[in-house]
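Structural overview for review
If you want the building blocks of each chain, they are given just below.
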Amino acid sequence: MGMCIFQIFFTPIIFCFMSDLKLTRILSWVIDVEYSALKAVVQLSEPFLCELRDSTFTLECVQELLGMKEHKILLQELWVVYDESGEFDHTALAVEHVRFFYQCIWRTWDEEEDDDFDYFLRCVEPRLKLHYDILEHRVPSGLVANYQNYLSQCEELYSKFLHVRNHLSSSDLDSEVENVSMVEGLKLYEEIEHLKRKLKLIENPLLRYVCGYQKYSSLQAKGLRPTGAKITHVVSSTMVASMLQSLIRDKFCPQSCGEEQEIQFHNDPLAALNACYEGDRVIICPGHYVVDGVFCIADSVELEGYGLPDDIVIEKRGKGDNFVDCTGDNIRISSLKFVQHDAVEGILNVHHGKTTLENCVLQCETAGVTVQTSAELLMKNSDLYGAKGPGVAIYPGSTCTLLGNGIHHCKEGILIKNFLGEHYDIPKITMVNNMIHNNEGCGVVMVRPIVPSDVKDASAETSKGNTQPIQSGNGTACVEGFRQELAPECLTDELELYEQAEISEQTESNYKIALELMVTSAKKIQLEKRRLSERGITQADDNLMSQEMFVSIVGNQFKWNGKGSFGTFLFCPDS
């Protein structure tokens, strides 16, 4: 880039001034460059040319402003004038690179970094990845807003910190006023470091994925209809007589309903859902429905398909964070197939209340089902596949019951998340008769912060000479890819996988989950003994099934998951 910046000499450029809140572009020439300050020495063109000329912005005014700046303009504030010959193309590209770096990558506090190579690995690379992830809509809009908010706060606090630090460096440190300033500076420093940790969490694609963030839904429930009536909405692209007769017989006969019901007909499931009030029911007839929007369910409604799920397909098109957002107290969704496209935050997101999902098919393209803090999900006899993230993400403080489901061909089957620097109750999880198979990573991954007891246990194990990690039968480490992304201080060797070969796989998988979660949720007992032999059996414990996090683990099967049935990801909350 140095050669290209050198070529900026005698290049026609445009720089800008603000006049009466109007942007004025002025043509000038570059006559010199200060490389250390990345500033160009400019000279106005003759004749004087600018995009906006009026009585308040004259040549004399521009010359006065340039004189105040010593005719030096930051390179990122210059724009090269287009020339058909292409003579200045490389120069224009170099200036754009400088502008991009200082607008999207550079942070004021980066001046304190000494090692350029280390700076690139720790700062430039993750920020560059985040920038393009945002451009390609791979980061939820809520998380992007959080990042920009943290960045603004950090810039503001760092500016105050620099002012305090400069004042202290030029003052007498023995005075009482300076002692107060020192305390203020330390407080500002701690706040800045806390915000920088949050920024690094979002910049790191791995931590952003496994730790998640807390999203607050703004959906407002309508409540009961003013008349008090409850309506059944029927959705069908085309209605024929035979279908109507079957529908009336199965869903609206006096014997099954007990009373007269009001019926409204729609040809779009999203329109029907938007017309619902508390207690309404939506019946969707067979067909392929393409919707361009989000299913926002804020009231307790029932959404059911009339037929087999594969015959009743609801496909999302268009950009957006979510596909189905649930905040109602008691929502029931059954016998439907959802096909997801371009929903960054997943196919179904339970923010509040209880959502029951039964006999459904969820074909994901990005993320799967998310159970937020304080929310409850009952997922029964459903099939979920194709998520590039976890099939089911369970947040702390939530309740998740999985009965007889298939979760497969996702990045991970189930991910139990944790928030960085926040404290919540552990989730309540029930898993019965689920089939979790063919996932890229582990069947179940649990994320938890490193606690002092982990470090002590690891030290104790190392002092005894037990330095080899536990291996699984189908991989060296369940989260091997995770290690490549994290800073060394965030990693420990306590990444456990357990494999049994002499008992049935169904019993083995349930036992392994209970064992690992015993260590995480209770933190009161030591790790189980290492395998007695290369194909040994982990010994059972009567307390395993009574752990607080898992209410029940019965009859689950884990097969052909790329990195094993169960894995733990440890992160350092203070790094």
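All figures in this text were calculated on a predicted structure; none of them were measured in a lab.

Moving on to the overall build of the chain. The number of helices and strands found in the chain is 13 helices and 31 strands. Considering the chain as a whole, with its 575 residues, one finds that 46% of them fall into the buried category. Considering only contacts in the chain between residues 6 or more positions apart, those separated by 24 or more positions represent 66%. Roughly 28800 Å² of accessible area belongs to the chain as shown, and the carbon and sulfur atoms make up 52% of that amount.

Turning to the pattern of salt bridges, a few remarks are in order. Here the structure, examined in full by the defined rule, presents 15 salt bridges. A salt bridge links E125 to K129; the shortest N-O distance between them is 3.8 Å. Of this pair, E125 and K129 both sit in helix α4 (residues 116-135), 4 residues apart, which is roughly one turn of the helix. E125 sits in the partly exposed class, given a relative accessible area of 31%. Here E193 and K196 are joined by a salt bridge, their closest N and O atoms 3.2 Å apart. Of the two residues, E193 and K196 are both situated in helix α6 (residues 176-203); the distance of 3 residues between them amounts to about one turn of the helix. For E193, a relative accessible area of 22% translates into the label partly exposed. When salt bridges that share partners are traced, they join E34, E70 and K72 into one network.

This part is about the sheet that holds strand β14 (residues 330-334). Think of a sheet as strands paired side by side through backbone hydrogen bonds, with each pair either parallel or antiparallel. In space, the 10 strands of this open sheet follow the order β7-β6-β8-β11-β14-β17-β20-β23-β26-β29, with parallel pairing throughout. Whereas interior strands pair on both sides, the edge strands pair on one side only; in this sheet they are β7 (262-266) and β29 (550-554). Taken over all neighbouring pairs, the strand axes of this sheet differ in orientation by 10° on average, direction set aside. The pairing of strand β17 (residues 354-358) with strand β20 (residues 376-380) spans 5 bridges and is classified as parallel. Each bridged residue has a counterpart across the sheet, and for E358 the counterpart in β20 is K380. Across the sheet, helix α8 (residues 241-251) touches β6 (231-235), β7, β8 (281-284) and β11 (302-305), and the angle it forms with β8 is around 140°.

Quick look at the nonpolar core now. Grouped together as the largest cluster of nonpolar side chains are 60 residues, with contacts concentrated most on I333, F338 and I414. Beyond its immediate stretch of four places on either side in the chain, I333 contacts I297, L303, V324, C326, F338, L348, T355, T356, L357, E358 and C360. Ranked by size, the runner-up nonpolar core spans 19 residues in total, among them W109, V139, L151 and V164.

A separate point is the packing of aromatic side chains. Throughout the structure, instances matching the rule amount to 10 aromatic pairs. With a centroid separation of 5.9 Å and 75° between ring planes, the pair formed by F295 and F323 is classed as edge-to-face. Placement of the pair is F295 in strand β10 (residues 295-297) and F323 in strand β13 (residues 320-326), with a sequence separation of 28 residues. Under the relative-accessibility criterion, F295 is labelled buried at 0%.

This part is about the sheet that holds strand β21 (residues 383-385). On the basis of which strands lie adjacent, the open sheet formed by 8 strands has the order β9-β12-β15-β18-β21-β24-β27-β30 and parallel pairing. Both outer strands of the open sheet, β9 (287-291) and β30 (557-559), are each paired with one neighbouring strand and no more. Going from strand to strand, the sheet's axes swing by 10° on average, the running direction of each strand aside. Strand direction decides the pairing type here: strand β15 (residues 337-339) and strand β18 (residues 361-363), joined by 3 bridges, are parallel. By the bridge assignment for β18, F338 is matched with L362.

Tracing the backbone shows K559 in strand β30. For K559, a relative accessible area of 23% gives the class partly exposed. Sequence separation between K559 and H408 is 151 residues, and the spatial gap between their C-alpha atoms is 9.6 Å.

Relative to the elements of secondary structure, S335 occurs in the loop between β14 and β15. Setting aside residues no more than four positions away along its own chain, S335 makes contact with G305, G307, P309, I312, E358, N359 and C360.

On to the side chain of R281. Among the structural elements, R281 can be located in strand β8. Here E304 takes part through its side chain, which lies 3.5 Å from a polar atom of the side chain of R281. With sequence-adjacent residues up to four places away left out, R281 is seen in contact with I231, T232, H233, K251, F252, Q261, E302 and E304.

Pairing between β11 and β14: 3 bridges, direction parallel. Of the residues in β14, the one forming a bridge with E302 is R332. When β14 meets β17, the two strands line up parallel, connected through 5 bridges. By the bridge assignment for β17, S334 is matched with E358.

The subject of this paragraph is the confidence of the model for the chain. Model confidence for the chain is summarised by a mean pLDDT of 76, while 70% of its residues fall at 70 or above. When the criterion is pLDDT under 50, residues 1-7 qualifies, and its contacts beyond four places in sequence or with other chains add up to 15 contacts. Taken as a whole, residues 521-546 scores under 50 in pLDDT and shows 51 contacts with residues more than four places along the chain or in a different chain.

Moving on to a nonpolar patch on the surface. Residues M239, L244, I248, I263 and F265 make up a contiguous nonpolar surface patch of about 400 Å² in total accessible area. At the level of secondary structure, the elements contributing two or more residues to the nonpolar patch comprise α8 and β7. Its location among the elements puts L244 in helix α8. What makes L244 partly exposed here is its relative accessible area of 32%.

Definitions and cut-offs
- Residues numbered from 1 in each chain as written.
- Predicted model: local features only at pLDDT ≥ 70, side-chain atom pairs only at ≥ 80, totals over all residues.
- Heavy atoms only, no water.
- Helix = DSSP H or I, 4+ residues; strand = E, 2+ residues; numbered from the N terminus.
- Buried < 20%, exposed > 50% of the residue type's maximum accessible area, 1.4 Å probe, protein only.
- Contact = heavy atoms within 4.5 Å.
- Areas by Shrake-Rupley, 256 points an atom, 1.4 Å probe, with all protein chains shown as cover.
- Salt bridge = Lys/Arg side-chain N within 4 Å of Asp/Glu carboxyl O.
- Pairing = 2+ DSSP bridges.
- Axes fitted to C-alpha atoms, helices over the stretch in contact; angles between N-to-C directions.
- Core = buried A, V, L, I, M, F, W, Y, C linked by side-chain atoms within 4.5 Å.
- Phe/Tyr/Trp six-rings, centres within 6.5 Å; stacked < 30°, edge-to-face > 60°.
- Polar contact = N/O pair within 3.5 Å; in protein donor to acceptor, adjacent residues only side chain to side chain.
- pLDDT = per-residue confidence, 0-100.
- Patch = residues over 30% accessible without salt bridge, like charges linked within 9 Å, V, L, I, M, F, W, Y side chains within 5 Å.

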